[in-house]
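# Architecture at a glance
Chain by chain, the residues:
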Amino acid sequence: FGCLRYCSQTQPDHPAALDRIENLVRQAHNIYLRQALHGSTLYETEIATRESICRLEHFKNTLEAFPTGSPGKQVLVWATFIAASDCILEEHKAFFEKVLIENYNRSKFVNVLEGLAQLRHIWARRSEGIRWTHLLPQGQLLVM
């Protein structure tokens, strides 16, 4: 996050945006580690499912609170993709689909649409008990 700290010095009008970027990247990192370390057995309990939903809701709320017109939101595509990979609720899936489509409309980077297709594949396979962290490399893409 050294780059963000440097940017905060050159963008003193946008400290909330830069803090939120760091926060969202850390949240996505924690979501990924939770799944990678605990695996599919983590989702076999009701408590773990509720915890996952809460983590996604927190990420969603933080992303929605990103200051309008602030720079840097485009760097959150990967963090958004990682967080979205852990979706259970249909409302969360719809939210993340919307966010990624907005990112695509802004950037026109086709890999964002490919990432959305990969997400839909991950969500479909989740019902089979397959860990989404195992499915990430199969997509052979970097969503940015």
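Above this text sits the structure in question.
Residues numbered from 1 in each chain as written. Predicted model: local features only at pLDDT ≥ 70, side-chain atom pairs only at ≥ 80, totals over all residues. Heavy atoms only, no water.

For soluble globular proteins, the rule of thumb is that nonpolar side chains tend to be buried together. With 30 residues, the main nonpolar core has Phe59, Leu63, Phe96, Leu119 and Ile122 as its most contacted residues. If you list the elements that add at least two residues to this core, you get helix H2 (15-38), helix H3 (46-64), helix H4 (77-85), helix H5 (90-107), helix H6 (110-126) and helix H7 (132-135). Once residues lying within four places of it in the same chain are set aside, the contact partners of Phe59 are Leu24, Gln27, Ala28, Ala79, Thr80, Ala83 and Phe96. (Core = buried A, V, L, I, M, F, W, Y, C linked by side-chain atoms within 4.5 Å. Buried < 20%, exposed > 50% of the residue type's maximum accessible area, 1.4 Å probe, protein only. Helix = DSSP H or I, 4+ residues; strand = E, 2+ residues; numbered from the N terminus. Contact = heavy atoms within 4.5 Å.)

The N-to-C vectors of H3 and H5 enclose an angle of 35°; their axes lie 11 Å apart at closest approach. Judged by the twist between their axes, the crossing of H3 over H5 is left-handed. Mapping the contact onto sequence places Ile53, Leu56, Glu57, Phe59, Lys60, Leu63 and Glu64 in H3 and Glu91, His92, Phe95, Phe96 and Val99 in H5. Of the residues in the contact of H3 with H5, the class split is seven nonpolar, one polar and four charged. (Axes fitted to C-alpha atoms, helices over the stretch in contact; angles between N-to-C directions. Left-handed = near helix turned anticlockwise from the far one by under 90°. Nonpolar A, V, L, I, M, F, W, Y, C, P; charged D, E, K, R; others polar.)

Here His38 lies in helix H2. For His38 and Arg131, which are 93 residues apart along the polypeptide, the C-alpha to C-alpha distance reads 9.7 Å.

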